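Next come the chains, spelled out residue by residue.
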Amino acid sequence: MKVEMVELRRIAMPLVRPFRTSFGTQTARDILLVRVVTDVGEGWGECVALADPVYSSEYVAGAQQVLRQYLVPQVVAAPLGSARQLASRVSAVIGHRMAKAALETALLDAELRAASLSLAAYLGGVRDRVDCGVSVGIAPSVPELVDEVRGYVEQGYRRIKLKVEPGWDLEPMAAVRAEFGDDLLLQVDANTAYTTTDLRHLARFDDLGLLLIEQPFAEEDIEAHVRLAATIATPVCLDESVVSAASAADAIRRGACSVVNVKAGRVGGYLEAARVHDVCAALGVPVWCGGMLETGLGRAANVALASLPGFTLPGDTSASSRFYREDITEPFVLEDGRLPVPQGPGIGGLPLPEVLDRVTTSREELRA
Ligand code: NPG
């Protein structure tokens with residue numbers, strides 16, 4: 001595959017409502033899209049880096065710079081046998097997994113479109129629909145949170161994930177549990193907001209019948225998660241800490257977690273994400289597909305990933321309408337709490353040119 005041109009395009013996507021997490025409030029997404037033009041056709045990838053380095057060290061302008069200066073020059077310099085060769089081609093660049101993932105996804109999309117193969121089939125997907133959960137931000141008040149959750153339950157979402165932080169945890173969790181009953185699949189995500197001084201407090205989460213507690217401590221602090229997992233009955237799930245299949249295996253073997261959130265952007269792409277899935281399956285650990293407020297482009301690829309057999313828990317694979325009034329692709333619409341796995345070639349969705357142009361804020365074309 002010869003890469004003739006790489007387009008880096010930034011788009012501005014307003015959110016339907018502010019999304020507050022322990023690291024800040026998002027009201028819009030500033031998203032970098034990558035389009036590759038190759039001798040076998042074109043492909044698209046969505047970079048999940050946020051505007052600011054608050055979820056992880058990556059951020060959108062930095063990702064664009066790394067692509068422009070380091071990654072794209074490597075792929076336009078000489079033909080690639082396959083998208084699978086990108087990782088070794090750019091291995092001299094440390095980290096920057098979200099930037100690498102976006103480029104790899106675009107290459108994979110081009111390659112699979114040319115081969116008339118869907119990403120789900122290529123990765124080894126086994127389902128044609130996936131169970132969907134929804135992530136619910138920190139709300140201005142407990143009654144407003146309960147109202148928001150009610151809306152999602154009525155739309156059919158199969159599990160609810162509440163964002164928590166110190167000062168916003170037991171009370172909102174208990175209110176949601178009381179309102180919707182014990183059958184509601186409920187989990188919480190702290191995005192690293194706690195420290196080990198909170199161990200006794202976190203042990204009280206056991207009363208809420210949670211599916212899991214996600215990433216309470218810092219990305220680097222595997223030991224703190226080991227201590228928590230030894231203290232509480234609620235399964236501990238890692239997100240930020242898992243940056244590769246090797247780090248997933250290490251965390252599991254050390255007893256830091258018994259569930260893993262898989263996000264392709266966080267681990268450097270869908271190929272590594274599939275390897276995370278594989279090591280977790282080999283170690284008997286269930287996984288679920290995380291989300292980074294993707295447009296329909298990234299969502300299509302996430303849903304394909306979630307069709308692999310080890311994804312036995314509902315993912316943050318919500319419908320387009322959860323975040324966007326108007327998506328840049330045909331919208332993903334919930335059907336009985338599930339989304340259909342794209343069956344078309346490549347990642348399965350293409351941007352609608354008219355919408356894409358309207359939301360575009362900048363574009364650059366890179367060539368050899
Ligand atoms: O459904 O796409 C979604 C959002 C899921 O809560 C969600 N993502 O920490 O997992 C997370 C969180 C997040 C959102 C992280 C935006 C980073 C950016």
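Whatever comes next refers back to the structure up there.
For the structure given in this document, a descriptive report is provided here. (Residues numbered from 1 in each chain as written. Predicted model: local features only at pLDDT ≥ 70, side-chain atom pairs only at ≥ 80, totals over all residues. Heavy atoms only, no water.)

1. So, the site of the ligand
Ser135, Lys163, Asn191, Lys263 and Leu293 are the nearest of the 18 residues found near the ligand. Contact distances for the ligand include 2.6 Å between an oxygen atom and a side-chain N or O atom of Ser135. Notes on the ligand: free accessible area 430 Å², of which the protein chains cover 99%. Residue composition of the shell around the ligand, by class: seven nonpolar, four polar and seven charged. Looking at the shell around the ligand, you find at least three residues from each of domain 1 (3-116 + 350-367) and domain 2 (120-340). (Near = heavy atom within 4 Å. Polar contact = N/O pair within 3.5 Å; in protein donor to acceptor, adjacent residues only side chain to side chain. Areas by Shrake-Rupley, 256 points an atom, 1.4 Å probe, with all protein chains shown as cover. Nonpolar A, V, L, I, M, F, W, Y, C, P; charged D, E, K, R; others polar. Domains from an automatic or database assignment.)

2. Details of the packing of aromatic side chains
Counted according to the given criterion, the structure contains five aromatic pairs. With a centroid separation of 5.6 Å and 80 degrees between ring planes, the pair formed by Phe19 and Phe323 is classed as edge-to-face. Placement of the pair is Phe19 in strand E1 (residues 3-21) and Phe323 in the loop between helix H12 (296-305) and strand E12 (338-340), with a sequence separation of 304 residues. With a centroid separation of 6.3 Å and an interplanar angle of 85 degrees, the aromatic rings of Tyr194 and Phe205 are classed as edge-to-face. Separated by eleven residues along the polypeptide, Tyr194 in the loop between strand E7 (186-189) and helix H7 (199-203) and Phe205 in the loop between H7 and strand E8 (213-214) bring together distant segments of the chain. By relative accessible area, which is 3% here, Tyr194 ends up buried. (Phe/Tyr/Trp six-rings, centres within 6.5 Å; stacked < 30°, edge-to-face > 60°. Helix = DSSP H or I, 4+ residues; strand = E, 2+ residues; numbered from the N terminus. Buried < 20%, exposed > 50% of the residue type's maximum accessible area, 1.4 Å probe, protein only.)

3. A look at the nonpolar core
Grouped together as the largest cluster of nonpolar side chains are 126 residues, with contacts concentrated most on Leu107, Leu162 and Val260. With nine residues, the single largest contributor to this core is helix H3 (residues 97-114). When residues of this core are assigned to domains, at least three fall in each of domain 1 (3-116 + 350-367) and domain 2 (120-340). Once you skip the residues sitting within four places of it in the chain, Leu107 turns out to touch Met1, Val3, Val36, Val75, Leu80, Ala83 and Leu86. (Core = buried A, V, L, I, M, F, W, Y, C linked by side-chain atoms within 4.5 Å. Contact = heavy atoms within 4.5 Å.)

4. Observations regarding the pattern of salt bridges
A side chain with one charge may pair with a side chain of the opposite charge, provided their charged atoms come close. Taken as a whole and judged by the stated rule, the model has 29 salt bridges. Across the salt bridge formed by Arg35 and Glu7, the nearest N and O atoms sit 2.9 Å from each other. Of the two residues, Arg35 is situated in strand E2 (residues 24-38) and Glu7 in strand E1; the sequence distance between them amounts to 28 residues. Lys161 serves as the salt-bridge partner of Asp316, at 2.8 Å between the closest nitrogen and oxygen. With Asp316 in the loop between H12 and E12 and Lys161 in strand E6 (residues 159-163), this pair connects stretches of sequence that are 155 residues apart. The exposure classification of Asp316 matches that of Lys161, with both residues buried. (Salt bridge = Lys/Arg side-chain N within 4 Å of Asp/Glu carboxyl O.)

5. A word on the sheet that holds E6
Pairing is parallel in the open sheet, where seven strands are placed in the order E5-E6-E7-E8-E9-E10-E11. Only two strands of the sheet have a single neighbouring strand rather than two, namely strand E5 (133-136) and strand E11 (287-289). In this structure, E8 lies alongside strand E9 (residues 236-238), joined through two bridges in parallel fashion. Within E9, the residue paired with Ile213 across the bridge is Val236. (Pairing = 2+ DSSP bridges.)

6. Re the side chain of Arg177
Along the polypeptide, Arg177 turns up in helix H6 (residues 170-180). One buried charged residue, Arg177, remains without a salt bridge, the closest side chain of opposite sign being Asp182 at 4.3 Å. Other than its neighbours up to four places away in sequence, Arg177 contacts Asp182, Leu184, Leu186, Leu208, Gly209 and Leu210. (Lys, Arg positive; Asp, Glu negative; His and termini not counted.)

7. Observations regarding the packing of helix H5 (residues 142-155) against H6
The interhelical angle for the contact between H5 and H6, taken along N-to-C directions, is 45 degrees, at an axis separation of 10 Å. The pairing of H5 with H6 is recorded here as oblique in orientation. Seen from above, H5 lies across H6 with right-handed handedness. Between H5, through Val142, Leu145, Val146, Val149, Arg150 and Val153, and H6, the contact on the second element is made entirely by Glu171, Pro172, Ala175, Val176, Glu179 and Phe180. When its residues are assigned to classes, the contact of H5 with H6 shows nine nonpolar, no polar and three charged. (Axes fitted to C-alpha atoms, helices over the stretch in contact; angles between N-to-C directions. Parallel < 35°, antiparallel > 145°, perpendicular 65-115°, else oblique. Left-handed = near helix turned anticlockwise from the far one by under 90°.)

8. Remarks on the sheet that holds strand E13 (residues 360-366)
Spatial ordering of the open sheet is given by E3-E2-E1-E13, a layout of four strands whose pairing is antiparallel. The sheet terminates laterally at strand E3 (41-47) and E13, the two strands that pair on one side only. Strand-to-strand, the axes of this sheet are offset by a mean angle of 20 degrees, without reference to chain direction. Both E1 and E13 contribute to a ladder of six bridges, which runs antiparallel. In the strand pairing of E13, Val6 is matched with Leu366. The strands touched by helix H1 (residues 60-77) are E1, E2, E3 and E13; relative to E1, the strand with the most contacts, the crossing angle is about 160 degrees.

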